[in-house]
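Structural overview for review
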Amino acid sequence: MNGVVLRALLCAYPRAWRERYGDELAALIAQMGDEQRLTWRIGPNIILAGGRERLRALGLVGDRLTPEDRAKDGCLLVLWAWMLFVVGGVIVQKSSEHWQSAIPASHQGLPAVAFQTVAAAAALGGVLVVAGIALTLSSVRVFVRAGGWPMVRRAVSRAAALTVPTVAGGVGLILWAHRLTTAQRNGLDHRYLAAFGVVALMMLASLVAWTMAAAAIARQIGFTRRLLRVEATVAAAVTATMTVMTIATVAWWSAVAHAAPWFLAGTPPGSSGSVLPPDLATAAALMLIATMLGVAGTRNSFRNVRVERIPT
Amino acid sequence: MSPSARSKVAPSGRSNDPPVLILTSLAAGPKHGHALLLDIEAFAGVRLGPGTLYGAIGRLEERGLIEAAGPDGRTRPYLLTTSGRDLLEATLAELRTIVDEGTRRLSRASQLASLGGEA
């Protein structure tokens, strides 16, 4: 196996892993090559193992050896699910702007209740996520005081570095939007549309980076059994809010599709059109996937938090 | 074996789990990656991929069950820690219990079958 192929294969691993084990793995493969022991399976084996390490680094999978780690991984999976849900929720929020003006007041009962339910559950879910993070702060403080900061510095710095231009871009976009008409904001002004897309991508990148930072920190700090139980309960509550929001969103969508299909199709009032716009379909798929991930994470954390070995 | 010890056993607790194989190999003394692969293939007949091997090494080291014994060119020998030795002992005890119980049951089933045949 030549050096270029080997280096490309090693890119399957996260950088931190490569820095620690990359040379050793490369040396092992070189030795296997010298002994004519390389087979076609080596490539897929490394790519799969590297992908797994990346998922582990993100806290998305955990084949850790202790129940404490598995329970933590379950909670982290719920955090990732929440992040995914937020993306879906933002799309729904954007797609549903001014829906009330498109539907006769006599038909607003069900969609209004569904929409308010989504908003209330979103607020509750957000508070729960913040509370779940806040509960770990004393453990984080202990970890940092014990010299752990270098282990998470890269992840936190990257998130902070992404957030600064994102906030600046967001503020700039809001100021710009105030000088535009509704039509211009909704696609007539192509420069605004492009800027909106860039800021939206930056927001997504910041969200992912902070979730990665939270996962990196959570993996390093110690959780007592009591704290894990509380975190598992919070994770279950967050998952419940995601479930409620998914159901309420589908209910709102169905009600609007029945009362004012032209709103979903983006066509003039009274006309017909598809009630399955791609943006809402994408958002609903994201919300559904996130909810399922949340259920899986909650189940995993509760199953492992009961094991006796976790310190009290 | 106590639940606390059992809960520390490698993911599936199977004898062909890479972590169990690595701990078993290192019980004979420190080895680097290549020596581990050859040894595991020799005593267990399992050919681990390099990605699988280093994935398991990473997890074992993260849990403090093995440790690198210092740089050795581009390869680093690994050795068992005290925790790793304890875990291996607990894992083997658990496997031994299953082997003994399975053997006992098979033996009993054979006896019953032979008694049935005679009747």
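Description of the structure in this document.

**Some remarks on the overall build of chain B**
Looking only at helices and strands, chain B has five helices and two strands in total. When the 119 residues of chain B are sorted by exposure, 39% land in the buried category. Nonlocal contacts in chain B, meaning residues at least 24 apart in sequence, comprise 47% of its contacts between residues at least 6 apart. Here chain B has roughly 6,200 Å² of accessible surface; of this, 53% comes from carbon and sulfur atoms.

**Focus on the nonpolar core**
By size, the foremost hydrophobic cluster in this structure holds 40 residues, and its most contacted members are V238(A), M242(A), W252(A), V256(A), F263(A) and L264(A). Mapped by element, the contributors of at least two residues to this core are α4 (67-95), α5 (109-134), α8 (190-220), α9 (225-259), α10 (261-265) and α11 (278-305) of chain A. Dropping the residues within four chain positions of it, V238(A) is found in contact with V78(A), W82(A), G125(A), L128(A) and V129(A). Residues L28(A), L53(B), Y54(B) and A56(B) belong to the second largest nonpolar core, which totals 33 residues.

**Describing the packing of helix α3 (residues 33-44) of chain B against helix α4 (residues 50-62) of chain B**
All names here are of chain B. One can describe the packing of α3 onto α4 by two numbers: an axis separation of 11 Å at closest approach and a directional angle of 110°. The angle between the axes of α3 and α4 places the two elements in the roughly perpendicular class. The chirality of how α3 crosses α4 is right-handed. Each of G33, L36 and L37 in α3 lies in contact with α4, whose residues at this interface are L53, Y54 and I57.

**Some details on a nonpolar patch on the surface**
Residue and element names in this part refer to chain A. Together, V167, V171 and L175 make up a nonpolar patch on the protein surface, roughly 270 Å² of accessible area in all. Examined against the element boundaries, L175 turns out to sit in helix α6 (residues 137-177). The exposure class assigned to L175 is exposed, which follows from its relative accessible area of 52%.

**So, the environment of L92(B)**
Residues and elements named next belong to chain B. Among the structural elements, L92 can be located in helix α5 (residues 82-118). Judged by relative accessible area, L92 falls into the partly exposed class, the value being 33%. Spatially, the C-alpha atoms of L92 and T24 are 9.2 Å apart, while their sequence positions differ by 68 residues.

**Here's the deal with the pattern of salt bridges**
Within the structure shown, the criterion is met by 11 salt bridges over all chains. E24(A) serves as the salt-bridge partner of R76(B), at 3.0 Å between the closest nitrogen and oxygen. In this pair, R76(B) is assigned in the loop between β1 (66-68) and β2 (78-80) and E24(A) in helix α2 (residues 15-34), connecting two distinct chains. R76(B) sits in the partly exposed class, given a relative accessible area of 27%. The shortest N-O distance in the salt bridge between R104(B) and E101(B) comes to 2.6 Å. Of the two residues, R104(B) and E101(B) both sit in helix α5, three residues apart, roughly one turn of that helix. On the accessibility criterion, E101(B) (27% relative accessible area) is partly exposed. A single network of salt bridges, built from pairs that share partners, joins R20(A), E24(A), E61(B) and R76(B).

Rules and cut-offs
- Position numbers for residues count from 1 along each chain, tracking the sequence in the order it is written.
- Ligands are numbered from 1 and chains lettered from A, in the order in which they are written.
- Totals for whole chains, interfaces and linings use all residues, but because this is a predicted model, local features are given only for residues with pLDDT of at least 70 and pairs of side-chain atoms are given and counted only at 80 or more.
- Note that the side-chain values use all heavy atoms of the structure and ignore hydrogens as well as water.
- Only DSSP runs of H or I covering at least 4 residues are called helices, and only runs of E covering at least 2 are called strands; the numbering of each starts at the N terminus.
- A simple rule labels every residue: compare its accessible area, found with a 1.4 Å probe on the protein chains alone, to the largest value its type can have, and call it buried under 20%, exposed over 50%, or partly exposed in between.
- Only heavy atoms enter the contact rule, under which two residues are in contact if any of them lie within 4.5 Å.
- Accessible surface area values rest on a Shrake-Rupley calculation with a 1.4 Å probe, where residue burial reflects the displayed protein chains alone.
- Within this scheme, the nonpolar core is defined by two criteria: the residues are buried Ala, Val, Leu, Ile, Met, Phe, Trp, Tyr or Cys, and they are joined through side-chain atoms within 4.5 Å.
- Where helices are involved, their axes are fitted lines through C-alpha atoms of the stretch in contact, as for all axes, and angles between N-to-C directions lie from 0 to 180°.
- In what follows, roughly perpendicular refers to angles from 65 to 115 degrees, roughly parallel to angles under 35, roughly antiparallel to angles over 145, and oblique to any angle outside these ranges.
- With the far helix as reference, a near helix turned anticlockwise by less than a right angle produces a left-handed crossing, and one turned clockwise produces a right-handed crossing.
- Patches draw on residues past 30% relative accessible area with no salt bridge. Two like charges within 9 Å are joined, as are two nonpolar side chains (Val, Leu, Ile, Met, Phe, Trp, Tyr) within 5 Å.
- The rule for a salt bridge is simple: a side-chain nitrogen of Lys or Arg has to be within 4 Å of a carboxyl oxygen of Asp or Glu.

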